[in-house]
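# Chain and residue survey
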There are 2 protein chains.
Amino acid sequence: MSADAAPPLRIDGLQYCNWSREIFLEMRAGGLTAVHATASYHEGFRQTVRHLVDWRARFHEHEDLILLARNWSDVERARASGRTAIFLGLQTPMAIEDDLGLIEILFDLGVRFMQLTYNNQSLLGCGWMEREDSGVTRMGREAIAEMNRVGMAVDLSHAGERTALEAIELSRRPVVISHANPRWLKDTGRNVSKAVLKALRERGGVLGLSLYPLHLPQGGATTLRQFGEMAAEAAQIIGVERLGVGSDLCQNQPDSVVRWMREGRWTRVKDDAAAFPPPPEWFRSNRDFPALADGLAAVGFAPGEIASVLGGAWGNFIAQSF
Amino acid sequence: MSADAAPPLRIDGLQYCNWSREIFLEMRAGGLTAVHATASYHEGFRQTVRHLVDWRARFHEHEDLILLARNWSDVERARASGRTAIFLGLQTPMAIEDDLGLIEILFDLGVRFMQLTYNNQSLLGCGWMEREDSGVTRMGREAIAEMNRVGMAVDLSHAGERTALEAIELSRRPVVISHANPRWLKDTGRNVSKAVLKALRERGGVLGLSLYPLHLPQGGATTLRQFGEMAAEAAQIIGVERLGVGSDLCQNQPDSVVRWMREGRWTRVKDDAAAFPPPPEWFRSNRDFPALADGLAAVGFAPGEIASVLGGAWGNFIAQSF
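Calculation notes
Residues numbered from 1 in each chain as written. Chains lettered and ligands numbered in written order. Predicted model: local features only at pLDDT ≥ 70, side-chain atom pairs only at ≥ 80, totals over all residues. Helix = DSSP H or I, 4+ residues; strand = E, 2+ residues; numbered from the N terminus. Contact = placed C-beta atoms within 7 Å. Buried ≥ 20, exposed ≤ 12 C-beta atoms within 10 Å, placed from the backbone. Arc of directions from axis to C-beta. Nonpolar A, V, L, I, M, F, W, Y, C, P; charged D, E, K, R; others polar. Least-squares fit on C-alpha atoms with pLDDT ≥ 70 in both. Expected span 1.5 Å × (residues − 1).

This paragraph deals with the overall build of chain A. Within chain A, the secondary structure is distributed over 11 helices and nine strands. Taking the principal axes of the C-alpha coordinates as reference, chain A spans close to 50 × 45 × 40 Å. In chain A, 69% of the contacts between residues at least 6 apart in sequence involve partners at least 24 apart.

Structure, rendered in structure tokens:
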């Protein structure tokens, strides 16, 4: 297949669906070349390895649709064979416990992204929900250096402002914020400030725009055009060549999963009302991914810029990082 | 380096030393091209992974002397650069718990050999010290198939007779007995019968002759010539092309380690007198490996046969299996 005949590069920088053949078929229907899939949240090392075993079973059972991606050549392989390359990641660093050696172990097993924090204080840094962000910890500095050494991407989604700025500064390789939006359009600490975006740009990092309703300017009522407007504002700060999508698609997950995400095992205060918010009507599954182009086109993105946001920016990051 | 100029292939099929730079220097002094090193005995998955992390630190710290071996090309790389290729193995299947998926995980992390049993009943089969050997278990059949699939070698050292015979029959790939001697020369269930050796031969397996005193005909007083005589008897049954050395060298280990080997965590009956037996005076370290040729030559092995026993047989197995 010549480069001209290859399908367009479409990459989603974060999903955590209730994985099934149906989802993988929808990835194909949406033409997704690659997806960064969360393998673990609060799970420790052993349970994370079990999830990796489950993923291997999925790759075997659905080998006509998906493959385990370790680097750019796997993306090309997926593209050439009409499949989706799945990059695996962790949304907390619990899987490495307090053992720096587990970073290389998990890398060897296919993990390519790890968040330093998830909302709360971790052993590596501070999440956005703590009262005070004391920055990257002593172990956090070691972990960033080790992730740089082996080639695992530092993901600062869910981090606090100070931790994010310090980590961007400390990392010798570009870091990512796989799924978050401009904070000045939706004021939640979960979104990112201009200061963080500027720092990310200076160090060659990537931002993936989130389609999770709680991160969107008008929640689930946000229109596709408003998504385009948000992308335009983000592009002004970080540059369109470093702007991608990290949809945070959590399709078919029961509400118990959002409670697990928020409460893990660290609190006895339960929020029984916690539920996944209804998604915007224009982004309910991977099938809707290509039409994001319409929202970008509506606010003036050129075709080459749209290609960058829907895949090129992540593609460049993957090609250079892994 | 041309093939003619390459140093002779010298491979030891099993060691469990108290690893140190001194030991690795002795491997070089003895011209060891490759060594199968035990990474775990009774350790579970998590602790085994920690041992693998420790091994990675050793490979990094002593990269001028050793390297992690995953296949034959690593042996060639070691040979060409004057280093020793280390193949890692497990002497019990405790590291895979009851999770078949961990076989592939450990394989990906570099483990290339796993014993089905160590003296006692395991989840996979029966060790030689149980009163009755009920053979390969249900999970054992699955584990052998999975090891065959991913390419991890089945090691039947320490197995019971029935388990060994059944495993040889079940395995679609050649299996090994990495460290044991002919039972008719030293009558312990730890050594192997003619029936097992014949079955091993029929399926293309390899036997590594042990130099551990308790496995030798005259214990630590066994002479180098008697070692040669033992090798000649073994070669008559299994064939010289499938006969190697698995020295079971446990150099510099404190006696607490032999108690750990024997007692693990499964008994409260302690044998405080347990101690490593003194080694034969002609095999105290890797430096003594080349001189094993003298014992073989003394009883009539031809140069090509000696080369096979000291490295060729294991080399062929590695080249074909990994």
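Let's shift gears to helix α1 (residues 21–29) of chain B. All names here are of chain B. All of the buried residues in α1 are Ile23, Phe24, Glu26 and Met27. Along the axis of α1, the buried residues cluster in a sector spanning 155°; they form a single face. Tucked into the core, α1 has its buried residues touching β2 (34–40), β3 (66–68) and β4 (84–90). Where α1 terminates, the next one or two residues include glycine 31, which has phi positive at roughly 70°.

With that settled, the discussion passes to the environment of phenylalanine 113 of chain A. The residue phenylalanine 113 of chain A is located in strand β5 (residues 111–115) in this model. Ignoring sequence-local partners within four residues, the contact set of phenylalanine 113 of chain A consists of His36, Phe87, Gly89, Ala153, Asp155 and Ser178 of chain A.

The next subject is the interface of chain B and chain A. Counting residues at the interface gives 12 residues for chain B, matched by 12 residues for chain A. Residue composition of the side of chain B that touches chain A, grouped by class: six nonpolar, one polar and five charged.

For the rest of this paragraph, the subject is the relation of the copies chain B and chain A. What relates the pair of chain copies is a rotation about an axis plus a shift along that axis. Placing chain B over chain A gives an RMSD of 0.0 Å and needs a rotation angle of 180°, together with 0.0 Å of translation along the axis. Taken together, the turn and the small shift mark the pair as related by a two-fold rotation axis. Both copies present the same face, since 100% of the interface residues in chain B are matched by interface residues at the equivalent positions in chain A.

With that settled, consider helix α8 (residues 224–238) of chain A. All names here are of chain A. Its 15 residues place the ends of α8 21 Å apart at the C-alpha level, agreeing with the 21 Å of an ideal helix rising 1.5 Å per residue. If you check which residues of α8 are buried, you get Phe227, Gly228, Met230, Ala231, Ala234, Ala235, Ile237 and Ile238. In the core, the buried residues of α8 are packed alongside α7 (194–202), β8 (206–209), β9 (243–245), α10 (292–298) and α11 (303–321).

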